[in-house]
Amino acid sequence: MKPLLTLIAAYAICSRIAYAQPDESREFLYLYSDSVIYASHIDLDRGFTGSLYLWVDSRRIHPEQVKFFNNNRGFFANVKDFDMSGETTFSERIRKGKVNLYEAKTIDWDTYDDIRGYPRHPPAIGKKNYYNIGYGRLKKANYVNLSIDLANNPQSMAFLQKARSVKRTQVAMYVAAGLSVLGGFIAFEAGGKKASRGLDQHPAFSSNNSVSSGIVPGMILSGIGLGLAAGGYLIGPSQTKYLKQAIDTYND
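Residues numbered from 1 in each chain as written. Predicted model: local features only at pLDDT ≥ 70, side-chain atom pairs only at ≥ 80, totals over all residues. Heavy atoms only, no water.

1. Details of the layout of surface pockets
Here is step 1: Computed from the structure, the second largest pocket encloses a volume of approximately 680 Å³.
Here is step 2: Lining the second largest pocket are 24 residues, with Lys 127, Lys 167, Gly 236, Gln 239 and Thr 240 positioned closest to its centre.
Here is step 3: Secondary structure elements with two or more residues in the lining of the second largest pocket: β11 (124–132), α2 (143–149), α3 (154–201) and α5 (236–251). (1 Å grid on protein atoms, 1.4 Å probe; cavity = no way out; pocket = protein on both sides within 12 Å on 5 of 7 lines; lining within 4 Å. Points joined across faces, edges and corners; volume = space filled by probe spheres on them. Helix = DSSP H or I, 4+ residues; strand = E, 2+ residues; numbered from the N terminus.)

Here it is in structure tokens:
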């Protein structure tokens, strides 16, 4: 019932409905039905419960059926298909061309401004990239997908190869980090058991050496693991950089 009411309200407030290529000099909603609804003013807002909704010419519209919308802040795509819970969120288009690139930012809503309806200084605590061609379906911006759609451009493919190399290095570092931390934990446990056995056999015996024999290797391995994990995290942005360069090269 809610989707039907949403469509009725949308059609009631629209100034024009079209099925052709939308005019991006105007504000509009592009529905999953491929119809376009133009309006004088569109704004995305977040309610007190945290759910999103659209203000379209002073009317409140639920955004579940909106595939894209264009307003004075930019062009945005619905990325609900990539959310495990199916929650509707929108990703901003940051590249426009033969291949469009979108960037979804995870916002710290603790800074939410209840008066203006959006964050004062929205800090991004995470980013995800998607892309599409024209007004088609969005895909995750990764090597597997882009290597298919950009396959006819050797320069773009060279950047994608660099992105894949960084990804492989990052995965290897995370695996090595996990093994190192696990080794450190095992060393701590072994040292503790050795010290316990020493006390059982010789109550007056000091267990400092036994404990140290577990603590020192454990600390070294754990430190190596944390260092590898930090290194893997730090090289992550270079992968995104190469993916963006591949798209920019394709669009040139």
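2. Considerations on unusual backbone geometry
Where the residue is not glycine, phi is negative for most of them; where a peptide bond is considered, it is trans in most cases.
Here is step 1: A positive phi angle is found at Asp 34, which is not glycine, with a value near 70°.
Here is step 2: Within the secondary structure, Asp 34 sits in the loop between β2 (27–31) and β3 (36–39).
Here is step 3: Residue classification places Asp 34 among the partly exposed residues on the basis of a relative accessible area of 36%.
Here is step 4: Phi is positive for Asp 57, which is not a glycine, with a value near 50°. (Buried < 20%, exposed > 50% of the residue type's maximum accessible area, 1.4 Å probe, protein only.)

3. Here we look at the packing of aromatic side chains
Here is step 1: For the structure on display, the rule yields eleven aromatic pairs.
Here is step 2: A centroid spacing of 5.0 Å and a plane angle of 5° characterise the contact between Tyr 30 and Tyr 135, whose relative ring orientation is stacked. Pair noted here: Tyr 30 is in strand β2 and Tyr 135 is in the loop between β11 and β12 (139–140), with a separation of 105 residues, a long-range link. Exposure class is identical for Tyr 30 and Tyr 135. Each is buried.
Here is step 3: Ring geometry for Tyr 53 and Trp 55: centres 5.8 Å apart, planes at 80°, overall edge-to-face.
Here is step 4: Residue classification places Tyr 53 among the buried residues on the basis of a relative accessible area of 9%.
Here is step 5: Trp 55 sits in the partly exposed class, given a relative accessible area of 31%.
Here is step 6: Note that Arg 93 overlies the ring of Phe 75, its terminal NZ or CZ placed 4.0 Å from the centroid.
Here is step 7: One cation-aromatic arrangement involves Lys 98 over Tyr 250; the distance from NZ or CZ to the ring centre is 4.8 Å. (Phe/Tyr/Trp six-rings, centres within 6.5 Å; stacked < 30°, edge-to-face > 60°. Lys NZ or Arg CZ within 6 Å of the ring centre and 35° of its normal.)

Bear in mind that shape data such as this cannot, by itself, settle questions of function.
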